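Structure assessment
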Amino acid sequence: MRDELPALMSRRSLFSMIGKTAGIAVMYEAMATMAYAADSTFRQPIALTGAPKGSSVLILGAGLAGMVAAYELGKAGYKVQILEYQGRPGGRNWSLYGGDTYTELGGFKQNIEFDKGLYLNPGPWRIPHHHKAILHYCQLLGVQLEPFIQINYAAYVHSTKAFGGKPQRYRSVEADFDGYVAELLAKTVQQDKLDRPVTKEDREILLQALRGWGALDKNYAYVKSEDASNRRGFDHPPGGGLDAMPTPTDPVSLEDMIRGRLWRSIGSSKAYDVQQTMFQPVGGMGMIGKAFGKELGEIIRYNAKVTEIRQDKRGVTATFVDTLKGGAPQTAHADWCVCTIPASVLSQIPINVGAPMKAAIDALPYAASAKVGLQMKRRFWEEDEGIYGGITYTDQPNSMISYPSTDFFKRGKGVLLGAYTFGPNAVEFTAMPPEERIAKAVEYGANIHPQYREEFETGATVAWHRVPWTLGCAGSWTEETRAAHYNDICAIDGRIVMAGEHVSMIPAWQEGAVLSSLDAIGRLHKRIVQG
Amino acid sequence: MRGLGLAAAIAPIAILATSAGAQFAGGYRYQTGQDLYTHICQGCHMPDGKGATGAGAYPALAGNPKLQSPLYPVLVMLKGQKAMPSFSELSDAQIVEVTGYIRTKLGNNFPGAVTAEQVKALRAQAVRQNALRPG
């Protein structure tokens, strides 16, 4: 570390010099070449200029993609208007608070009864530190961010089929997995049974690394020890004075570690898109959409259900119905159109785009996902179990429990994320009426935290296939469908271009929606200006 | 990373950690047509089979003339259709059962039935669903 410091500093001053003399973009290229900043495709705020006088763009959808487009194209000088199906801005950027009502498809209505200040983020709930485009707009709009705790070593991993159904602390599951794997590898190295030649010197280095990584003893064994307990936790932790002597814990056996399958969950937070640091807006994810909506004001026409999209040589016309007032269909017209309507809905709206784009719109299934928020009378996970934020994983259908990343140590109530599901579990949750989803989440959660039975008060749930304005959580591409259709859904078709998470390689993340919008309006603007 | 013997041991975790686009070995334990319908299909097509309408719509199965052909729902389940994901992880027997249910219950009374052999013969057209793990 000490060796690296001067080199790092000299690199930093080099970047700064390049930045000053050659401009930000060149500096960025230089940094990326040296593998310093290649963590996002968002390089700098977009700055479109020179919209032809009087030219206009109609934007369909006031989610993040649509609002980014309206904001940036408006700044460039275009006359912009958004049509939005709902009565609020944000789209899937959304939080449910006490006093809200939510009616899902099928007419199932929920009156949300959370206490003031408590909420459920039904959709996006966390922002990785490298999602620079959405973070840029949070900063721009004055949306305050706080840390989102993704990984918590004090949270649990739970399986109904292992350890008698008793939840295990994340720290012990990871320590035992790393420890035993390190021990096995160390034996392989010592016996020279690696499947490739390794020099004697490298072997020694590797053994050292394995001992450190796995908390192995001097014989490269993973055993009950202070070192191992320093990873997996103590029966009696080190203390002060006469109470100081620690008592180490027994690792589970190798066989139990393997067969318990709890290791399936410890990789979850290693993925690039959930690596710490992550953020959340103070007061709920929906704060971003709200701030954007306020910024755009009258530009957004709410409660407008688009029923047809037509383009010709002169422009684009959207027909829409006012879902509150009803009446005859109305039209909105502009020279160009940025369409962010999810493909799940758009595939049902008549639109005269070319066959390749239509095929792309029709080729995208929408995934299932469901969440349940549970208000508890007290924050027992903190008070009783020392869990402050983070996620507990379970093999029950609710998949996980996430503890609030805010209001730590506050006396009183809190809202847990009691279920966050995808795949078949989400399909099954969706098929239940809302009150049954909540009851199931309570039932499963009580197997991990028995306090649920006493403390549960009220819940809220959103199953995305039942959401009236998306009919699904997110576009679910496969390698095959991407190869066949992705470029076509990105293309500018006459006067229409698509944007949204479904037009990105970061599906189901807000960053995908924002980056797709920036890419789409950049290309559209270029097309307009260059004719 | 894949080439290293050392990394092989932790590779399964890396696979599980892949978020968007991860393949899940999904499946449903229900066997009767009614159970399959109430735990899967009614999420969108609704308990009464009448579908629902918001910004877009889910088609009704009750009274839907497309169900006259017993093979039509089989193909939709195997391949998916527009925004509807495929349900090709259902077994041949499960697809037979749920096809029978939606064609003869929910107020429907369409004649004829599919066999597991017919479903099997259409498997070549099945699309494997990519169980998206959202952010």
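Note that the coordinates shown come from a computational prediction; the quantities given were computed from them, not determined experimentally.

1. Overview of the interface of chain B and chain A
In this assembly, 44 residues from chain B lie in contact with 55 residues from chain A. When chain B packs against chain A, the two sides together hide about 3,900 Å² of surface, and 64% of this comes from carbon and sulfur. Three residues stand out in chain B for area buried against chain A, namely K82, L132 and G135 of chain B, and they jointly supply 17% of the buried area on that side. Where R29 of chain B meets E428 of chain A, a salt bridge forms, and the shortest distance between an N and an O atom there is 3.9 Å. The interface formed by chain B and chain A includes 16 residue pairs in polar contact (both at pLDDT 80 or more).

2. Structural notes on the environment of A304 of chain A
Residues and elements named next belong to chain A. Structurally, A304 is set in strand β15 (residues 304–311). Note: C-alpha distance between A304 and G390 (86 residues apart in sequence) is 39 Å. A304 has contacts with L83, E84, Y85, F320 and V321, leaving out every residue within four places of it along the chain.

3. What about the environment of A332 of chain A?
Residue and element names in this part refer to chain A. Summarising the element assignment, A332 is placed in strand β17 (residues 326–334). Accessibility expressed as a relative area gives 3% for A332, which makes it buried. Note: C-alpha distance between A332 and T319 (13 residues apart in sequence) is 6.5 Å. Residues in contact with A332, not counting those within four places in the same chain, are L58, Q81, L83, V316, T317, A318 and F320.

4. Concerning helix α3 (residues 64–76) of chain A
All names here are of chain A. Here α3 spans 18 Å end to end across 13 residues, near enough to the 18 Å set by a 1.5 Å rise per residue. Extensive coverage of α3 is indicated by the burial of 11 of its 13 residues. Turning to α3, its buried residues number three or more, namely L64, A65, G66, M67, V68, A69, A70, Y71, E72, L73 and A76. At the C-terminal side of α3, G77 shows a positive phi close to 110°.

5. Topic: the nonpolar core
Residue and element names in this part refer to chain A. If you look at the biggest cluster of nonpolar residues, it comprises 92 residues, and the most contacted ones within it are L60, L83, I309, C339, I496 and M498. Tallying contributions element by element places helix α5 (residues 170–190) first for this core, with 10 residues. If we skip the residues at most four places from it in the chain, I496 touches I309, Q311, V316, C337, C339, I351, V353 and A491. By size, the runner-up hydrophobic cluster in this structure holds 46 residues, among which are A62, A76, V143 and I300.

6. Brief notes about the domain arrangement of chain A
All names here are of chain A. Each assigned domain of chain A is listed with its residue range as follows: domain 1 (56–90 + 287–364 + 475–530), domain 2 (96–154 + 276–285 + 367–466) and domain 3 (169–260). The centre of domain 1, based on its C-alpha atoms, is set 29 Å off from the matching centre of domain 2. Listed as interface residues are 19 residues of domain 1 and, on the opposing side, 22 residues of domain 2. With both sides pooled, the region where domain 1 packs onto domain 2 buries about 1,500 Å², and carbon together with sulfur makes up 71% of that total.

7. Regarding the pairing of strand β22 (residues 414–422) of chain A
All names here are of chain A. A large share of β22 lies buried, amounting to 9 of its 9 residues. Relative to β22, strand β19 (residues 369–376) runs antiparallel, the two sharing 8 bridges. From the neighbouring strand, M376 faces β22, where its bridge partner is G414.

About the thresholds
Residues numbered from 1 in each chain as written. Chains lettered and ligands numbered in written order. Predicted model: local features only at pLDDT ≥ 70, side-chain atom pairs only at ≥ 80, totals over all residues. Heavy atoms only, no water. Contact = heavy atoms within 4.5 Å. Buried area = accessible area lost by both parts, 1.4 Å probe. Salt bridge = Lys/Arg side-chain N within 4 Å of Asp/Glu carboxyl O. Polar contact = N/O pair within 3.5 Å; in protein donor to acceptor, adjacent residues only side chain to side chain. Helix = DSSP H or I, 4+ residues; strand = E, 2+ residues; numbered from the N terminus. Buried < 20%, exposed > 50% of the residue type's maximum accessible area, 1.4 Å probe, protein only. Expected span 1.5 Å × (residues − 1). Core = buried A, V, L, I, M, F, W, Y, C linked by side-chain atoms within 4.5 Å. Domains from an automatic or database assignment. Pairing = 2+ DSSP bridges.

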